[in-house]
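# An overview of the molecular structure
Letter by letter, the chains look like this.
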Amino acid sequence: MMKIHFVGAGPGDKELITLKGYKLLSEADVVIYAGSLVNPELLEYCKEGCEIHNSAYMDLGEIVDVMKKGVKENKSVVRLQTGDFSIYGSIREQVEELAKEDIGYDCTPGVSSFLGASSALGVEYTVPEISQSVIITRMEGRTPVPEKESIESFAKHQTSMVIFLSVQEIGKVVSRLIEGGYTEETPIAVVYKATWKEEKIVKGNLKNIADKVKEEGINKTALIMVGEFLGKEYNYSKLYDKEFKHEYRK
Ligand code: SAH
């Protein structure tokens, strides 16, 4: 029996899908894409006659029904999701529903938007001795966030943070970051539609970013990046230090 192919579309730029994802997409008979976030330019890769569904207008049952029908008709079905499906991708509920029908699946990863955004800024999340961890999180919206994962509690770590799905409440995010221990001078950036043609970058500190973001009219499809990795301080890595010997460089 055919499997469902989950494919990460990448952050926006249609060339940022993997080669494997591109092949699956171009061979697909049925594509269900997340129309609210996937760049429609990616659909140019679909073959003629490919049946295309926009999941923005569908509920879980309808999505699974299209998948079931496709598989039964022995068609190649691609579920195209924005960025990578392992980050806020709602893939679990889809595969659990497929399992009930004994339908298998495979996954082809995508470039998540938090990587598109760091490339847009040309920065490293893990600057030696400044931060060696990245926290990916969100503020609660209609989807709750477990209390032990509050923005304040993560802010205590003072490491690199990427906050999804929260730019519409930038003011609240900022106060909670400050409550957690960041100073008002901490650098912060907001990247809207990273890697799309409409990409916008807003940089500032915790004191002024909310106003800047509002001035730009950004209230969705953006990431908030915060931490000293965006600041002036940095250190050289040991890896490329002339004096640092290792397996490959004696
Ligand atoms: N699976 C996706 C995230 C889906 S959740 C991924 O890996 O990127 C949707 C949220 O992701 C948006 O609200 C926004 O916060 C962020 N997002 C998705 N694409 C983006 C882009 N190109 N630029 C900035 N943020 C983006």
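Worth saying up front: this structure is predicted, and the values here are computed from it rather than measured.

Per the secondary structure count, the chain includes 7 helices and 10 strands. In terms of its C-alpha atoms, the chain occupies a principal-axis envelope of roughly 60 × 50 × 35 Å. The burial tally for the chain puts 46% of its 250 residues in the buried class. Expressed as a percentage of contacts within the chain between residues at least 6 apart in sequence, the contacts between residues at least 24 apart total 68%. Of the accessible surface of the chain, which amounts to about 13900 Å², a share of 50% is contributed by carbon and sulfur atoms. For the chain, the distance from the average site of its 32 positive side-chain charges to the average site of its 39 negative ones is 2 Å.

A separate point is the site of the ligand. Neighbouring the ligand are 18 residues; Asp84, Ile87, Ser112, Ser113 and Ala222 lie closest to it. Asp84 places a polar main-chain atom, nitrogen or oxygen, 2.8 Å from a nitrogen atom of the ligand. Against a free-state accessible area of 540 Å², the protein chains account for coverage of 95% of the ligand. Residue classes in the shell around the ligand are distributed as 11 nonpolar, 5 polar and 2 charged. Split by domain, the residues of the shell around the ligand number at least three in each of domain 1 (3-108) and domain 2 (113-230).

Take the sheet that holds strand S7 (residues 160-164) next. Judged by pairing direction, the sheet is mixed, and its 5 strands sit side by side in the order S6-S7-S10-S8-S9 without closing on themselves. Looking along the sheet, the strands with just one partner apiece sit at the ends: strand S6 (134-138) and strand S9 (200-205). With direction set aside, neighbouring strand axes in the sheet form an average angle of 20 degrees. Sheet topology places S7 next to strand S10 (residues 222-226); 3 bridges connect them, and they run antiparallel. The residue of S10 that forms the bridge with Ile163 is Ile224. Contacting S6, S7, strand S8 (187-192), S9 and S10, helix H4 (residues 113-121) crosses the sheet at an angle of about 65 degrees to S10.

Bringing the domain arrangement of the chain into the picture now. Here the domain parsing of the chain yields domain 1 (3-108) and domain 2 (113-230). Taking only C-alpha atoms into account, the centre of domain 1 sits 29 Å from that of domain 2. With 12 residues of domain 1 in contact, the opposing surface of domain 2 contributes 12 residues. Summed over both sides, the interface of domain 1 with domain 2 buries roughly 870 Å², with 66% coming from carbon and sulfur. When the buried area of domain 1 at its contact with domain 2 is split by residue, Pro11, Ile87 and Tyr88 rank highest and sum to 57% of it. Summed over the shared surface of domain 1 and domain 2, the result is 1 salt bridge.

Here we take up the packing of aromatic side chains. As enumerated under the stated definition, the model contains 6 aromatic pairs in all. Ring plane angle 85 degrees and centroid distance 5.8 Å describe the contact between Phe6 and Tyr105, whose orientation is recorded as edge-to-face. Taken as a pair, Phe6 in strand S1 (residues 4-8) and Tyr105 in strand S5 (residues 105-108) lie far apart in primary sequence, 99 residues in all. Phe6 gets classed as buried once you look at its relative accessible area, which sits at 0%. With centroids separated by 6.0 Å and ring planes inclined at 40 degrees, the aromatic side chains of Phe114 and Tyr125 adopt a geometry described as tilted. Taken together, the positions of Phe114 in helix H4 and Tyr125 in the loop between H4 and S6 put the pair 11 residues apart, joining distant regions of the chain.

What counts, and at which threshold
Residues numbered from 1 in each chain as written. Predicted model: local features only at pLDDT ≥ 70, side-chain atom pairs only at ≥ 80, totals over all residues. Heavy atoms only, no water. Helix = DSSP H or I, 4+ residues; strand = E, 2+ residues; numbered from the N terminus. Buried < 20%, exposed > 50% of the residue type's maximum accessible area, 1.4 Å probe, protein only. Contact = heavy atoms within 4.5 Å. Areas by Shrake-Rupley, 256 points an atom, 1.4 Å probe, with all protein chains shown as cover. Lys, Arg positive; Asp, Glu negative; His and termini not counted. Charge placed at Lys NZ, Arg CZ, Asp CG, Glu CD. Near = heavy atom within 4 Å. Polar contact = N/O pair within 3.5 Å; in protein donor to acceptor, adjacent residues only side chain to side chain. Nonpolar A, V, L, I, M, F, W, Y, C, P; charged D, E, K, R; others polar. Domains from an automatic or database assignment. Pairing = 2+ DSSP bridges. Axes fitted to C-alpha atoms, helices over the stretch in contact; angles between N-to-C directions. Buried area = accessible area lost by both parts, 1.4 Å probe. Salt bridge = Lys/Arg side-chain N within 4 Å of Asp/Glu carboxyl O. Phe/Tyr/Trp six-rings, centres within 6.5 Å; stacked < 30°, edge-to-face > 60°.

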